[in-house]
Amino acid sequence: ADFDEETILRGSEAILEKINLVNAKGKAATDKEKNEVTVLEVAYEMYSRGYDFVDMTLGESDAAKFKIKDGKVLLPFMALNGMGETAARAFADEYKVKPYETIEDIFKRAKISKSSVDALKARGVLRGLPETDQLSFF
């Protein structure tokens, strides 16, 4: 819940900037922001030790576990802001049964919310998938 994938994927400088922004708030920082700092510090340490992160990928990312892809840390779907564990598991499990053919297919089979699908689209995870399998003649 406290994983800021956008900041972490932008690299160590972005992470330090975000940590400094939260720390500058002092006692005005929310509990969520304080918890994010802990995760950001771990990610910064990983970058410092030579690890890199790679964005989630349809068919490769796990629902909840980080994996290694080409020597980099592959984000799980649950790391996506707005994607809960239940939705991430349903999305990943249904893909294992049969790859998605359309966005509509995701709604039907995984039964995840529009906001989760929109978040996946925004990250580029669903790039190349058509909205529906309907043909348009006009």
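Look above for the structure.
The following paragraphs examine the structure supplied in this document. (Residues numbered from 1 in each chain as written. Predicted model: local features only at pLDDT ≥ 70, side-chain atom pairs only at ≥ 80, totals over all residues. Heavy atoms only, no water.)

### Thoughts on the nonpolar core
Quick reminder of the rule: Residues enter a nonpolar core if they are buried and are Ala, Val, Leu, Ile, Met, Phe, Trp, Tyr or Cys, with the set joined through side-chain atoms within 4.5 Å. Partly exposed describes any residue whose relative accessible area lies between the buried limit of under 20% and the exposed limit of over 50%, with all areas from a 1.4 Å probe on protein chains only and scaled to the type maximum. In what follows, a contact means two residues having at least one pair of non-hydrogen atoms within 4.5 Å.
I8, F77, F91, I106, I112, L120 and L126 are the most contacted members of the largest nonpolar core, which totals 35 residues. Excluding anything up to four places from it in sequence, F91 contacts L58, F77, Y100, I106, A110, I112, L120 and L126.

### Points about the pattern of salt bridges
Under the convention used in this document: The rule for a salt bridge is simple: a side-chain nitrogen of Lys or Arg has to be within 4 Å of a carboxyl oxygen of Asp or Glu. To qualify as a helix, a DSSP run of H or I must reach at least 4 residues; to qualify as a strand, a run of E must reach at least 2; elements of each kind are numbered from the N terminus.
By the definition in use, this model includes 14 salt bridges. Across the salt bridge formed by D2 and K32, the nearest N and O atoms sit 4.0 Å from each other. Of the two residues, D2 sits in the segment before α1 (5–9) while K32 sits in helix α3 (residues 31–48), which places them 30 residues apart along the sequence. On the basis of relative accessible area, D2 is assigned to the partly exposed category, the value being 22%. Residues joined by salt bridges that share partners form a network here, namely D2, D4, K18, K32 and E36.

### Some thoughts on helix α2 (residues 12–25)
Owing to its 3.6 residues per turn, the α-helix aligns residues three or four sequence positions apart on the same side. Test applied: What a helix should span is 1.5 Å times the count of its residues minus one. Picture the helix axis, draw a direction to every C-beta atom, and the arc is the one those directions span.
Across its 14 residues, α2 extends 20 Å between first and last C-alpha, which sits within 8% of the 20 Å expected from 1.5 Å per residue. For α2, every residue scored as buried is listed here: A14, I15, I19 and V22. Viewed end-on, α2 has its buried residues packed into an arc of 135°, placing them on one side of the element. Facing away from the buried side of α2 by more than 90 degrees, the exposed set consists of E13, E17, L21 and A24. Those residues of α2 that are buried are in contact with α1 and α3. Immediately downstream of α2, the backbone of G26 shows phi near 60°, a positive value.

### Considering unusual backbone geometry
A positive phi angle, near 50°, is found at D70, a position not held by glycine. Within the secondary structure layout, D70 lies in the loop between β2 (67–69) and β3 (72–74). A relative accessible area of 72% means that D70 is categorised as exposed. A positive phi angle is found at K111, which is not glycine, with a value near 55°. With respect to the helices and strands, K111 occurs in the loop between α5 (103–110) and α6 (114–123). Exposure remark for K111: the relative accessible area of 66% places this residue in the exposed category.

### Re the packing of aromatic side chains
Test applied: Each pair of aromatic rings taken from Phe, Tyr and Trp, with Trp reduced to its six-membered ring, is defined by centres within 6.5 Å and is described as stacked if the planes are under 30 degrees apart, edge-to-face if over 60, and tilted in the remaining cases.
Under the criterion given, the structure shown has five aromatic pairs. With 4.9 Å between their ring centres and 85° between their planes, F77 and F91 make a pair best called edge-to-face. In this pair, F77 sits in the loop between β3 and α4 (85–97) while F91 sits in helix α4, placing the two residues 14 residues apart along the sequence. Judged by relative accessible area, F77 falls into the buried class, the value being 1%.

### As for the packing of α4 against α5
Definition in use: Every angle, taken between N-to-C directions, lies between 0 and 180 degrees, and every axis is a line fitted to C-alpha atoms, over only the stretch in contact when it is a helix. An angle counts as roughly parallel when it lies under 35 degrees, as roughly antiparallel when it exceeds 145, as roughly perpendicular when it falls between 65 and 115, and as oblique in every other case. Just so you know the grouping, Ala, Val, Leu, Ile, Met, Phe, Trp, Tyr, Cys and Pro go in nonpolar, Asp, Glu, Lys and Arg go in charged, and all remaining residues, Gly too, go in polar.
The geometry of α4 relative to α5 is characterised by a closest axis approach of 9 Å and an angle of 105° between their N-to-C directions. Judged on the interaxial angle alone, α5 and α4 are roughly perpendicular. Note on element contacts: α5 touches α4 through I106, R109 and A110, opposite A90, F91, E94 and Y95. Taken together, the residues that form the contact of α4 with α5 break down as five nonpolar, no polar and two charged.

### Section: the side chain of D62
Where we set the bar: Under this definition, polar contacts are N or O atom pairs within 3.5 Å; protein pairs additionally need one hydrogen-donor-capable and one acceptor-capable atom, and for neighbouring residues in sequence, both atoms have to be side-chain atoms.
Turning to its location among the elements, D62 is positioned in the loop between β1 (53–54) and β2. A distance of 3.0 Å separates the side chain of D62 from the backbone nitrogen of A64, its partner in a polar contact. Of note is the side chain of D62, whose polar atom sits 2.9 Å from the backbone nitrogen of K65.

Read these as geometric descriptors, not functional statements.
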